[in-house]
Amino acid sequence: MDRFVDPAELVDLLGDWTSGSGPLYRKLAAALDKAAAAGDLRPGERMPSERELAKLLRVSRATVVAAYDDLRGRDVLDSLRGSGTRVTNAVRQRSGADGRVPGGRATSIFQRLVDGPGELISLAFAVETAAPELGDALRDLVRHDLPGLLADVGYHPRGFPPLREAVAIHYEDMGLPTAADQILVTTGAQQALGLVTQMYLRQGSVVVVEQPSWPGCLDVFRAAGATTVAVPLDEDGIHPDGVARAFAEHSPSLLYVMPTYHNPTGALMTATRRARIGELAAKFGVPVLEDNAYAGFSAGSPSGSPGPVAAYSPAGAEILTVGSLAKALWGGLRIGWLRASTEVTERLARYKVRADLASPVLDQALAARLLPQLGTIAKSRTEAMLGRLDHLCDLLTTHLPDWRWRRPAGGSALWVELPGADARVFAQLALRHGVEIVPGAAADPTGGHDSFIRLPFTFPSTTLDELVSRLRSAWLDLQRHGPESSRLDLVV
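Rules behind the numbers
Residues numbered from 1 in each chain as written. Predicted model: local features only at pLDDT ≥ 70, side-chain atom pairs only at ≥ 80, totals over all residues. Heavy atoms only, no water. Helix = DSSP H or I, 4+ residues; strand = E, 2+ residues; numbered from the N terminus. Buried < 20%, exposed > 50% of the residue type's maximum accessible area, 1.4 Å probe, protein only. Contact = heavy atoms within 4.5 Å. Areas by Shrake-Rupley, 256 points an atom, 1.4 Å probe, with all protein chains shown as cover. Phe/Tyr/Trp six-rings, centres within 6.5 Å; stacked < 30°, edge-to-face > 60°. Salt bridge = Lys/Arg side-chain N within 4 Å of Asp/Glu carboxyl O. 1 Å grid on protein atoms, 1.4 Å probe; cavity = no way out; pocket = protein on both sides within 12 Å on 5 of 7 lines; lining within 4 Å. Points joined across faces, edges and corners; volume = space filled by probe spheres on them. Nonpolar A, V, L, I, M, F, W, Y, C, P; charged D, E, K, R; others polar. Patch = residues over 30% accessible without salt bridge, like charges linked within 9 Å, V, L, I, M, F, W, Y side chains within 5 Å. Axes fitted to C-alpha atoms, helices over the stretch in contact; angles between N-to-C directions. Parallel < 35°, antiparallel > 145°, perpendicular 65-115°, else oblique. Left-handed = near helix turned anticlockwise from the far one by under 90°. Core = buried A, V, L, I, M, F, W, Y, C linked by side-chain atoms within 4.5 Å. Pairing = 2+ DSSP bridges. Polar contact = N/O pair within 3.5 Å; in protein donor to acceptor, adjacent residues only side chain to side chain.

1. A short note on the overall build of the chain
- Regarding its fold elements, the chain presents 16 helices and 15 strands.
- Here the chain, with 492 residues, has 56% of them falling under the buried criterion.
- Counting contacts in the chain only where the partners sit at least 6 residues apart, residues at least 24 apart contribute 73% of the total.
- In the structure as shown, the chain presents an accessible area of about 20400 Å², 52% of it carried by carbon and sulfur atoms.

2. A closer look at the packing of aromatic side chains
- One pass over the structure, following the stated rule, counts six aromatic pairs.
- On the basis of an interplanar angle of 75° and a centroid distance of 5.6 Å, the ring pair of Phe221 and Tyr256 is categorised as edge-to-face. Of the two residues, Phe221 is situated in helix α9 (residues 215-223) and Tyr256 in strand β8 (residues 254-257); the sequence distance between them amounts to 35 residues.
- Classification of Tyr256 as buried rests on a relative accessible area of 1%.
- Seen in terms of ring centroids, Phe426 and Trp475 are 5.6 Å apart; in terms of plane orientation they differ by 75°. Their pairing is edge-to-face. Of this pair, Phe426 sits in helix α15 (residues 423-432) while Trp475 is found in helix α16 (residues 461-481), placing the two residues 49 residues apart along the sequence.

3. Focus on the pattern of salt bridges
- Tallying each qualifying case throughout the model produces 22 salt bridges.
- A salt bridge links Arg388 to Glu128; the shortest N-O distance between them is 2.2 Å. Taken together, the residues Arg388 in helix α14 (residues 374-399) and Glu128 in the loop between β3 (121-122) and α6 (132-150) connect sequence positions 260 residues apart.
- Put simply, Lys352 and Asp356 hold a salt bridge, and the shortest N to O gap is 3.0 Å. Note that Lys352 and Asp356 are positioned in helix α12 (residues 342-356) at a spacing of four residues, about one turn of the helix.
- Salt bridges sharing common partners tie together Asp33, Asp70 and Arg74.

4. Some words on empty space enclosed by the protein
- All told, the structure shown has three cavities of 30 Å³ or more when counted by the stated rule.
- Of the pockets and cavities examined, the second largest cavity occupies roughly 90 Å³.
- Surrounding the second largest cavity, 14 residues form its lining, Pro215, Pro264, Val438, Ala443 and Arg454 being those nearest its centre.
- Looking at the lining of the second largest cavity, its residues break down into ten nonpolar, three polar and one charged.

5. So, a nonpolar patch on the surface
- On the surface, a cluster of nonpolar side chains totalling about 400 Å² of accessible area is made up of Val153, Tyr155, Val353 and Leu357.
- Its location among the elements puts Tyr155 in the loop between α6 and α7 (161-173).

6. Quick look at the packing of helix α8 (residues 188-200) against α9
- Where α8 contacts α9, the axes come no closer than 10 Å and their chain directions differ by 25°. The orientation of α8 with respect to α9, classified from their angle, is roughly parallel. You can see that α8 and α9 cross each other, and the crossing is right-handed. On α9, the residues that touch Gln190, Leu193, Gly194 and Thr197 of α8 are Gly216, Cys217, Val220 and Phe221.
- Looking at the contact of α8 with α9 residue by residue, the class counts come to four nonpolar, four polar and no charged.

7. Comments concerning the nonpolar core
- Formed by 61 residues in total, the largest nonpolar core has its most connected members in Trp403 and Phe426.
- In contact with Trp403, not counting residues within four places along its chain, are Leu396, Val416, Glu417, Leu418, Pro419, Phe426, Ile453, Leu471 and Trp475.
- In this structure, Val206, Leu233, Ile277 and Ala328 belong to the second largest nonpolar core, which totals 51 residues.

8. Digging into the sheet that holds strand β6 (residues 227-234)
- With mixed pairing, the eight strands of this open sheet are ordered in space as β4-β11-β10-β9-β8-β5-β6-β7. In this open sheet, the two strands that pair with only one neighbour each are β4 (183-186) and β7 (237-238).
- Alignment of β8 against strand β9 (residues 288-291), held across three bridges, turns out to be parallel. Paired with Leu255 across the bridge in β9 is Val288.
- Its contacts with the sheet put α12 on β4, β10 (319-324) and β11 (336-339), and the angle it makes with β4 is roughly 25°.

9. Re α15
- Burial within α15 is extensive, with nine of its ten residues counted as buried.
- Turning to α15, its buried residues are Ala423, Arg424, Val425, Phe426, Ala427, Gln428, Leu429, Ala430 and Leu431.
- Lining the buried residues of α15 we find α1 (8-14), α3 (50-57), β14 (435-436), β15 (452-456) and α16.
- Between a side-chain oxygen at the N-terminus of α15 and the backbone nitrogen of Arg424 the separation is 2.9 Å; the capping residue is Asp422.
- Positive phi appears at Gly434, one or two residues downstream of α15, with a value of about 85°.

As structure tokens, this is what we get:
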């Protein structure tokens, strides 16, 4: 087995391996040993060469050699002439229950949720604290509605009826006529994505995605045995001509797009392109999954945000529209939903029941109270976000003038290009300066965005100051020493 022909996948598994004290080679050996014990490195798999791994980890080759030697001494690795270094069969007896998230390009992102932030400034998630209106709504819910809610049976597989009604009205207000029986409430947008994947994808299925795209969705598709075909996008969204070619050449099972404040670029798909995507979906018979989880964060677009793709699509198009309150209100309110035809919603509800029976009623009741206020809440949170965005842009212009980015239409992060640098290499230097970065390669496995990073501006101003200071120090290190280290750092 040669799973690590591209050593970047192994680097994703290691996460912030440089934290703590002691020589680098020992910390690297400990991280590799942990990956083997967790089952992320399987017996018989071939490890990257010392030189390949050293290049991406931004350490000397001697560091990797010493780490491999240490693991050979513990019977974790062995080497044979002509076949390279491999994981030994001895790791079969080791425990795999160390809490690590299963592998994939988004591994380091989701692992940060498990491990907690520590002393790092982690850029893995663009999240904010709860909107203040949430506390008021919760107090009102307890005061006025709690007795009736506690008398409820508590199981609503399609969703709490008042919330489904509120979501339907929400879409009506956006110009998309919707009935409550077209709504399925989910435990966040991520569950909606998972349910659609279960229903539409099988081993060998093809999914057309934007280039770049959100690593978490790419992992979900691959875990189902699907392959992805990437179509580039620009500031107006995914290119319709590219979508048409992908539909004609690959006969995909699904198109996945983020039309409203795309993650990670912040692009806003125009109404014209939304209509074209709907036309193509109807013409080729390809279902479209539109993920609008970031729709609450406008960066001041003067024309506002168009309605969902479904609002511009002809009757023959099968469009599944996903929404969520995680970004607009609070990540801890795990309420999302999916809008589709009544028939599709009914089928998806069966998958939902098997997954968790139903989403929590109290959370849904709180969401039903807050949804009518979503526009007002989003406006107030946008004002704060714009201040942080301006502050971060000023910091980058002053301290990292070589970096390039386009001001996003919305969302919560900058998509930044590091000129002449591999972001995976820079990420290893940034770790040593206390910043966890998600390299562009995680969002675009084709290699088209290897020099990019996602830089959230959801932090307070003081944290943004410290963040840019650390990134500048790491960038100066990269400029001084080049892409590979020539230092012997066994005692660092």
